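Summary of structural features
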Protein chains: 4
Amino acid sequence: MSGSSFGSIFRITTWGESHGPGIGVVIDGCPAGLSISEEDIQKYLDRRKPGQSKYTTKRNESDQVEILSGVFEGKTTGTPISLMVRSQDQRPKDYGNLASIFRPGHADYTFTEKYGFRDYRGGGRSSGRETIGRTAAGAVASLLLKELNIHVCAYTKSIGPFTIDEKDYRMSEIRENALYMPGNAVAEQAGEYISSLMAENDSCGGVIECIASGLPTGLGEPVFDKLDALLAHAVMSIGAVKGVEIGDGFAAAASTGSTNNDPFVTANGTVCKQTNHSGGVLGGMSDGSALILRAAIKPTSSIAKPQQTVNTSGEDMQISIHGRHDPVIVPRAVVVVEAMTAITLADLLLQNMSANMTHIKKIYET
Amino acid sequence: MSGSSFGSIFRITTWGESHGPGIGVVIDGCPAGLSISEEDIQKYLDRRKPGQSKYTTKRNESDQVEILSGVFEGKTTGTPISLMVRSQDQRPKDYGNLASIFRPGHADYTFTEKYGFRDYRGGGRSSGRETIGRTAAGAVASLLLKELNIHVCAYTKSIGPFTIDEKDYRMSEIRENALYMPGNAVAEQAGEYISSLMAENDSCGGVIECIASGLPTGLGEPVFDKLDALLAHAVMSIGAVKGVEIGDGFAAAASTGSTNNDPFVTANGTVCKQTNHSGGVLGGMSDGSALILRAAIKPTSSIAKPQQTVNTSGEDMQISIHGRHDPVIVPRAVVVVEAMTAITLADLLLQNMSANMTHIKKIYET
Amino acid sequence: MSGSSFGSIFRITTWGESHGPGIGVVIDGCPAGLSISEEDIQKYLDRRKPGQSKYTTKRNESDQVEILSGVFEGKTTGTPISLMVRSQDQRPKDYGNLASIFRPGHADYTFTEKYGFRDYRGGGRSSGRETIGRTAAGAVASLLLKELNIHVCAYTKSIGPFTIDEKDYRMSEIRENALYMPGNAVAEQAGEYISSLMAENDSCGGVIECIASGLPTGLGEPVFDKLDALLAHAVMSIGAVKGVEIGDGFAAAASTGSTNNDPFVTANGTVCKQTNHSGGVLGGMSDGSALILRAAIKPTSSIAKPQQTVNTSGEDMQISIHGRHDPVIVPRAVVVVEAMTAITLADLLLQNMSANMTHIKKIYET
Amino acid sequence: MSGSSFGSIFRITTWGESHGPGIGVVIDGCPAGLSISEEDIQKYLDRRKPGQSKYTTKRNESDQVEILSGVFEGKTTGTPISLMVRSQDQRPKDYGNLASIFRPGHADYTFTEKYGFRDYRGGGRSSGRETIGRTAAGAVASLLLKELNIHVCAYTKSIGPFTIDEKDYRMSEIRENALYMPGNAVAEQAGEYISSLMAENDSCGGVIECIASGLPTGLGEPVFDKLDALLAHAVMSIGAVKGVEIGDGFAAAASTGSTNNDPFVTANGTVCKQTNHSGGVLGGMSDGSALILRAAIKPTSSIAKPQQTVNTSGEDMQISIHGRHDPVIVPRAVVVVEAMTAITLADLLLQNMSANMTHIKKIYET
């Protein structure tokens, strides 16, 4: 069935395979009159493109985006925005030997079982390159949010066992290290850990955290399209994500009501919360505090270390996966988590417009 | 916007407030020819109804379900199945004093901000009673799955700090203790912990685990409607859930590729996995192993312990919430997690039918 | 698949069979703060209920509506509005003899082929009683539109060969005759025609016209959810409708560009159209003129005149359908066409809110 | 809101403006294993491309399609199929003088009112070039249908007052005349009529008919996604369509039940209908007879004859539209109506797969 779209009003549809002619996204439902340019979108794509550091794949792709529709004289027109990145460094032949093997941790087996066969070139549709479309759409969503003073920021909270505690965050350092961690010192230790794994032909994972500030209260549509539910859907749909939590998340399960509840207080005449265990979500709607979510990223599945597996003829065998693979995908996934969060927020912002008659009369009463 | 529906083909729409005339659900897209009865559905509702033990609210509701449409001579007809539970023990007056107060941890504040006012009787739409519709629909989904030998089972993995390790599970004991834990001994300790919190006018949370076996390989629709993404959406949309993980979940983030990858092996001529760190999901599709997910449930927000809060006039004040509240909602939420999982699986099972031309020719070629 | 819902933001889901316990609808996405009551909705249901005149079935149903959720203290709360009508005059036994026969012009054969069997009691889901849910939802949509000074009005333009020309309309007479025609004199002739057909055990059809005034310019979402496209979907989904046209409709196909184009002119400083061949729709969006649509209704399929048919055992046979059937369903379908039009307009009114950044800043900028 | 997608399982999303870099479509939900090539798709695009005859615009576009994703080794993979046509003969400057004028019969005014401004180059998104995406997607849908021996065929039934009666159809002549009429003689007369209008700087419209044969019984999802309702939506969403009818359509409204009902009879042991007034649809589902629909196409709005209009400054003025316009769009719209019909049928074919447990067990029982 059609599973390549996400969102209800601000709705994205992605397409493209790792070694096909290109990768793209169509954004439908973006309001007219938003200023966007290819440069704006390129900044986001550059944060996920390969070759940024020694921890990322050497595949040589500049990932230049082209706006094909929906923008006229620098502004969105309200019609669908089609964005495309042409592939450059396609090496499908690198993958010929993988055509008949199910790589552990990958989607080779499940794709084959579902569809009867698969595009085996670099993982085809299940490749990390699929996230180019998400990232480009996230750039547009972020521009929309910025117009309303909403800011979304993701970063690496942990790499393998190396984690940074909230109290130690140095947010200004996020873009200063190759791992996008809010702390250069921990990032250096984590980098050494990655290097040691690379030497062993192994890989690791980590945790990405994303915060959003400036949200109006009340975003989220009870009961199934709650803010946290849609965010969980959005983030869990990114390949390699194995868990999502909001606010205190799993730690809340071990807490007590008197500790976990955030007291309401007034400050400068407005209602706010004294703490933020809820991570900015109450009853599935934004509660005025910062939104906080975390995503658990599994270790890169492609490793050179020999692994036990089976081929398409049903024979047991060993496999060592060589090629241009990231030893950890967390740093490049940071902007993808940020993008999916921005897309979800933009959509819910538009969905919330029809929540009550007061809003409606603001638009239509003359 | 319309956020009260979930699913694409097997699609449910729930309605109802805590102290309104009733609560219900419409299930659309259920295939014709499935045997269902009110008794079948009642069994699921009885697992979440109040008054089951000393750890659950004393509100007196038998929660009797009525089938209003879509079933003829004991079988589904393919038309929408409307299910309703009439309220009995409505005491809206109990809540008059809460009309002007924002309870910490509840949706009072966010509902008011979004919609301009709220039905304050027992939380209105944000009450736990909203899950009656989900549970009834989950019963129907489970019956559909059973026809195909797919079985879904949820239970309490932990209550506050009391948790059961997978190696110690005694699955036969799940229905033997009031907490629905796979281990009566730990359940007893957890029960004492809950009692001690009740004495302190406090509450706690826990973790629910759900497994599904018998799934065909390939369920899940890349790239946004992946099996894990839809499950995260489904389960996170349940009130009080703050985190969802699949397989090793957050633990995978601290693992390495060589450990976390599940080797493929052949057994009796079929491909299977030697381990199940993936929790039964690869590339967003079921991989033939058991599906495993966990949900973090926050502590009950309604506590008698005094809390700081604000009223609708913007005045700071203290609140003690008395009434008929569960000290922990985990045990009653077990069947809700199971229901949402079953609904998601039933929907994806139907979505997967059109995955390839082989399937299509099986249906249409004569 | 789930086909019982209509609308994107203002979204309705109907349920119920002719001789089941009841018929109902869930309206999701209705904005909070709209005043509605059971009396408001009842007025619409009374316009379609049986027994209004000698031209309508004698089935005795008062069709009393009950609001089950979504309304608190006389106002919508933003949560789903569940409406139900309990059946009273169920006579399933009247239909036992039809269980094994495919009635010509009815859905008996197609339901059986699709689902494997059918609820044969009074047509089950394909009965005209299914429109109760649509009508009740249309009442709510109409109340929403009225708040914005948008008015929708349907009436009978023709019964069999008896038609009223636009220049002869007497709109004040619509509610004065049993056929809801804008002209009592033609209605009387049409009534005699119906009586003559009743004497011959035959039936007839007609054309319903619906106009909507007060629409803001720009409703409709290019390119697939255009105003006219959604209206065609909405109206064609009503049983017995075989054609839909907008403005000059099929007559436009025989016209020329110079005649059919509506010139723009200014009047009191605003742009308007000098004529309205377009029926209020240009490029799939409302153009500021009155919206005009027409629906062709086929003759009632249930007739007492003997007809050739086949039974479920594949035997050729004759059938004479006796019972409580309308000789023409047009008069009772008038309010259903009006309801579906109102639902479509309400939905597009909400969809249009996010069309441009100016709208968005009106809601969110502080 | 997002209105650029159509279909539920077989779902298309179109993008592109008349004078932008290109036009395209993403087809999601197409089953894996269907053989398709660019040549297959090109055949459909060639039937709508400009410059085919003296009755079509002289704009020079070869409309070459490129498959960007979703096809591997000649077969669909189950992932989204992205198709693009690059623009060649863009002359945005031709339209500079139209930037500030609302052309009668066009979407200039409504686009401006809805979105605040518009891409005025050749109508932007409301151009007929938008149908390239629909046509390309229709080619893929048609290939899917052909695999199941379902055939869809559209043609011109009338041009202005020149119409062909069903009994006079010569289907083999459809591709022999520039107007795609099933009768060369009438086509010639109609051609002279068009020439005479061209001499007067005027334009005309017509009626397109589409038939589909080989459909299994039971396609269509009651009650809102009925076969006829979705077809009406699909076809009315094509620019310039002002009416849609099924079977006898508006003529049925003037008929009687005894005439309009199609008797069921047995033939070679199977049930079939003796006549086909219903146009192949009963109760919103395919009934085993040929599907028949008609679409009314209005006259081309762009005419050189002077017309009264208003500019964006609100000044009354006259306009004569010169440029490369079709005097009648009916011939080029034939393949578009066929495409939208094929898309709707393909989607309903997939939707119908989960109608009953018998189907489901055919797929999943081992």
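Preceding block: the structure.
Residues numbered from 1 in each chain as written. Chains lettered and ligands numbered in written order. Predicted model: local features only at pLDDT ≥ 70, side-chain atom pairs only at ≥ 80, totals over all residues. Heavy atoms only, no water.

Remarks on the overall build of chain A
- Across its full length, chain A carries eight helices and 18 strands.
- Expressed along its principal axes, the backbone C-alpha trace of chain A runs to roughly 65 × 50 × 35 Å.
- For chain A, the proportion of its 366 residues judged to be buried stands at 69%.
- For chain A, contacts bridging at least 24 residues in sequence account for 68% of all contacts bridging at least 6.
- Carbon and sulfur atoms provide 48% of the accessible area of chain A, an area that totals close to 11,000 Å². (Helix = DSSP H or I, 4+ residues; strand = E, 2+ residues; numbered from the N terminus. Buried < 20%, exposed > 50% of the residue type's maximum accessible area, 1.4 Å probe, protein only. Contact = heavy atoms within 4.5 Å. Areas by Shrake-Rupley, 256 points an atom, 1.4 Å probe, with all protein chains shown as cover.)

With respect to the relation of the copies chain B and chain A
- Taken as rigid bodies, chain B and chain A are interconverted by a rotation of 180° and an axial shift of 0.0 Å, the fit giving an RMSD of 0.0 Å. Expressed as an axis order, the relation between the two copies is that of a two-fold axis. Taking C-alpha positions as the reference, the residue of chain B nearest the rotation axis is His233(B), at 2.3 Å.
- Comparing interface residues between copies, 100% of those in chain B also lie at the interface in chain A; the contact surface is shared. (Least-squares fit on C-alpha atoms with pLDDT ≥ 70 in both.)

Some details on the interface of chain D and chain C
- Facing the 105 residues of chain D at the interface are 105 residues of chain C.
- A combined buried area of about 8,100 Å² lies between chain D and chain C, and 61% of that area is made up of carbon and sulfur atoms.
- Contact with chain C buries area across many residues of chain D, yet Met1(D), Lys114(D) and Phe224(D) alone supply 11% of it, more than any other trio.
- Our count for the chain D to chain C interface comes out at two salt bridges.
- Ionic pairing is found between Glu221(D) and Lys114(C), a salt bridge with its closest N-O pair at 2.8 Å.
- Viewed at the interface, chain C and chain D are joined by 48 residue pairs in polar contact (both at pLDDT 80 or more).
- Broken down by class, the residue content of the side of chain D that touches chain C amounts to 45 nonpolar, 41 polar and 19 charged.
- Looking at chain direction, strand S11 (residues 241-246) of chain C and strand S11 (residues 241-246) of chain D are connected through three bridges and run antiparallel. Considered in S11(D), the bridge of Gly243(C) is made with Glu245(D). (Buried area = accessible area lost by both parts, 1.4 Å probe. Salt bridge = Lys/Arg side-chain N within 4 Å of Asp/Glu carboxyl O. Polar contact = N/O pair within 3.5 Å; in protein donor to acceptor, adjacent residues only side chain to side chain. Nonpolar A, V, L, I, M, F, W, Y, C, P; charged D, E, K, R; others polar. Pairing = 2+ DSSP bridges.)

Focus: the interface of chain B and chain A
- On the chain A side, the residues contacting the 105 residues of chain B number 105 residues.
- Summing both sides of the interface, chain B and chain A together bury roughly 8,000 Å²; the carbon and sulfur share of this comes to 61%.
- The tally of links between chain B and chain A comes to two salt bridges.
- Tallied by class, the residues present in the side of chain B that touches chain A amount to 45 nonpolar, 41 polar and 19 charged.

Details of the pairing of strand S8 (residues 151-159) of chain D
Residue and element names in this part refer to chain D.
- In terms of burial, S8 is largely enclosed, as seven of its nine residues are buried.
- In terms of strand pairing, S8 meets strand S10 (residues 206-213) through eight bridges, oriented antiparallel. From the neighbouring strand, Thr 156 faces S10, where its bridge partner is Ile 208.
- Pairing geometry for S8 and strand S9 (residues 162-163), over two bridges, is antiparallel. In the sheet register, Ser 158 faces S9, and the bridge partner there is Thr 163.
- The antiparallel pairing of S8 with S9 creates a hairpin that spans two residues between the two strands, and Gly 160 there sits at a positive phi of about 50°.

So, helix H8 (residues 357-364) of chain B
- What H8(B) keeps buried is the set Met357(B), His359(B), Ile360(B), Ile363(B) and Tyr364(B). Looking down the long axis of H8(B), one finds its buried residues gathered within 155° of arc, a one-sided arrangement.
- Buried residues belonging to H8(B) abut helix H3 (131-147), helix H7 (330-351) and helix H8 (357-364) of chain D. (Arc of directions from axis to C-beta.)

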